[in-house]
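Now for the letters of each chain:
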Amino acid sequence: MTKSDIAIVGAGPVGMALALALKDGPHSVTLLDARERGAARQDPRVLALSHGTRLTLERLGVWKDLPTTPIRHIHVSQQGGGGRTVIEEDDYGVDGLGHVVRAGDLAAALDNAIRTAGIELLDHTRAEIDRHLPGRVRIEREGVTDILESRLVACAEGGMRADDPEIEIREYGQHALICMATPSRAHGSTAYERFTGTGPIALLPCGTDFAVVHTASPEHADALLALDDTAYLAELQKSFGYRVRLQGVSQRERFPLQLRVRRHPADERLVWLGNAAQTLHPVAGQGFNLALRDVWSLSEHLLESDDPGDQRVLDAYLRSRRTDRRSTVGFTDALVRVFSNDIGPLRHLRGLGLAALDLAPPLRHFVAKRMMFGARAWP
């Protein structure tokens with residue numbers, strides 16, 4: 001039997017961030033991952049990091065090594081209707097409203113920091129949490145089965161089973177196509193969110209290109225994937241409009257979109273984080289930022305505890321995160337439901353809302369700070 005104060009199941013960015021946040025604390029930490037070490041470095045997705053997330057990554061000591069692209073302007077509009085709003089970094093005294101990074105690059109920086117810190121990471125290790133014996137994880141590595149006994153298990157691995165009664169699921173009837181697109185002119189560090197009748201399209205500045213997140217119905221996604229690059233570029237340009245001219249696209253990948261939320265993200269000597277706790281629609285790019293706020297708050301509670309799995313510690317953590325978690329889930333869900341349709345009267349109201357944001361600085365500042373720092377509007 002192996003022992004560790006805190007077992008973290010899943011060595012993706014969320015699990016590695018928690019391990020780094022705990023590295024100078026009183027508790028021993030072991031990371032477990034079913035994949036080969038470094039597999040997360042191949043993640044093709046692109047993440048939009050909020051300003052608050054940047055501050056957290058600076059505290060973890062990995063920000064300076066990240067190849068990021070700043071977002072200095074955010075342009076929000078809708079297809080087929082009036083109204084638009086623009087958020088500028090100069091209004092908030094920050095170096096970037098957010099930053100864009102390839103998920104694989106973030107994983108690489110975190111993994112390098114894990115190695116430097118000497119944190120134990122067991123790869124090629126299948127882990128099964130024992131719900132009958134809290135704190136125990138059955139592990140299988142190189143054909144050998146063992147028990148890892150801990151005082152707290154943090155599950156940051158994968159998504160959630162649809163048959164788990166603790167999971168609330170909302171089907172959006174959308175898939176996300178992701179790719180890179182080359183603009184005909186420099187993007188000027190501007191991010192675009194364009195709401196269409198079939199779902200939002202985001203263009204995020206990433207290097208000299210845009211990272212594209214193009215949502216569509218499953219049937220439409222099938223058709224878009226079947227197109228060659230030239231035909232798909234024409235469809236993307238038509239859907240997005242001609243405020244930005246694109247001249248090339250990369251190979252596309254596809255992901256189904258759902259809202260999945262674990263009702264109670266903690267149990268006896270067990271806590272769920274990241275996609276194991278909630279999986280959000282990518283609109284407004286809030287998923288990873290919410291996860292990292294969870295990680296940082298949990299680490300603060302654990303560092304101050306004698307027993308990291310004490311129920312009072314976990315209850316205090318849940319209370320501290322309740323407002324931000326509920327409001328972020330509700331915010332992204334409402335955006336999708338309100339903006340992903342083509343109903344005429346609602347389109348008009350959306351236009352008025354976007355115009356109001358542009359004309360009312362206090363309201364625009366509230367939304368901007370909400371996206372940068374979460375519900376409590378500070379990191």
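Residues numbered from 1 in each chain as written. Predicted model: local features only at pLDDT ≥ 70, side-chain atom pairs only at ≥ 80, totals over all residues. Heavy atoms only, no water.

Participant: Which parts of the structure should I look at to understand the nonpolar core?
Facilitator: Within soluble globular proteins, side chains that are nonpolar generally end up buried alongside one another. The biggest cluster of nonpolar side chains holds 46 residues, and the ones touching the most others in it are L31, L57 and L273. When residues no more than four places from it in sequence are discounted, the contact partners of L57 are L49, V62, W63, L66, L106 and L292. In this structure, V94, L97, Y172 and V283 belong to the second largest nonpolar core, which totals 24 residues. (Core = buried A, V, L, I, M, F, W, Y, C linked by side-chain atoms within 4.5 Å. Buried < 20%, exposed > 50% of the residue type's maximum accessible area, 1.4 Å probe, protein only. Contact = heavy atoms within 4.5 Å.)

Participant: Would you explain the side chain of Q278 in this entry?
Facilitator: Within the secondary structure, Q278 sits in strand β20 (residues 278-279). Relative accessible area serves as the criterion here: at 3%, Q278 is assigned to the buried category. Here R325 takes part through its side chain, which lies 2.6 Å from a polar atom of the side chain of Q278. (Helix = DSSP H or I, 4+ residues; strand = E, 2+ residues; numbered from the N terminus. Polar contact = N/O pair within 3.5 Å; in protein donor to acceptor, adjacent residues only side chain to side chain.)

Participant: Any chance you could explain the confidence of the model for the protein chain here in plain terms?
Facilitator: Atom-level detail of predicted coordinates should not be read off regions where pLDDT is low. Summarising the model, the protein chain shows a mean pLDDT of 88, and 87% of its residues fall at 70 or more. Low confidence marks residues 343-348, where pLDDT is under 50. Its contacts with residues over four positions away, or in another chain, come to seven contacts. Across residues 355-360, where pLDDT falls below 50, the model places 11 contacts with residues more than four positions away in sequence or in other chains. (pLDDT = per-residue confidence, 0-100.)

Participant: Looking at this structure, I do not really get the environment of V295. What am I missing?
Facilitator: Tracing the backbone through its elements, the reader meets V295 in helix α6 (residues 287-303). Overall, V295 belongs to the buried group, its relative accessible area being 2%. Sequence separation of V295 and A21 is 274 residues, and the distance between their C-alpha atoms is 8.0 Å. Once residues lying within four places of it in the same chain are set aside, the contact partners of V295 are V14, A17, L18 and L273.

Participant: Can you help me understand the packing of helix α1 (residues 13-21) against α6 in this one?
Facilitator: The angle between the axes and the distance between the axes are what describe a pair of packed helices. Here α1 crosses α6 at 30°, and the two axes come no closer than 9 Å. Comparing the axis directions of α1 and α6 gives the class roughly parallel. Relative to α6, the crossing made by α1 is right-handed. Residue-level inspection shows P13, V14, A17, L18 and A21 of α1 in contact with α6, the latter providing F288, A291, L292, V295, W296, L298, S299 and L303. For the contact of α1 with α6, the class distribution of residues is 12 nonpolar, one polar and no charged. (Axes fitted to C-alpha atoms, helices over the stretch in contact; angles between N-to-C directions. Parallel < 35°, antiparallel > 145°, perpendicular 65-115°, else oblique. Left-handed = near helix turned anticlockwise from the far one by under 90°. Nonpolar A, V, L, I, M, F, W, Y, C, P; charged D, E, K, R; others polar.)

Participant: Could you clarify how one ought to interpret the pattern of salt bridges in this entry?
Facilitator: Pairing is possible between side chains that carry opposite charge, provided their charged atoms lie close to one another. In the structure shown here, the tally under the stated rule is 27 salt bridges. D307 is paired through a salt bridge with R269; the nearest N and O atoms lie 2.8 Å apart. You can see D307 sitting in the loop between α6 and α7 (311-339) and its partner R269 sitting in the loop between β18 (266-267) and β19 (270-272), a full 38 residues away along the chain. A single network of salt bridges, built from pairs that share partners, joins R54, E58, R72, E89 and D95. (Salt bridge = Lys/Arg side-chain N within 4 Å of Asp/Glu carboxyl O.)

Participant: How should I be thinking about the sheet that holds strand β4 (residues 69-71) in this particular structure?
Facilitator: Two orientations exist for strands paired in a sheet by backbone hydrogen bonds: parallel and antiparallel. Pairing within the open sheet is antiparallel, and its three strands lie in the order β3-β7-β4. Among the strands making up the open sheet, the edge pair consists of β3 (46-50) and β4. If you compare each strand with its neighbour and ignore which way they point, the axes differ by 30° on average. Two elements, β3 and strand β7 (residues 98-102), share five bridges in a ladder whose sense is antiparallel. The partner of V46 across the bridge, within β7, is R102. Against the sheet, helix α3 (residues 103-117) touches β3 and β7, its axis set at about 85° to β7. (Pairing = 2+ DSSP bridges.)

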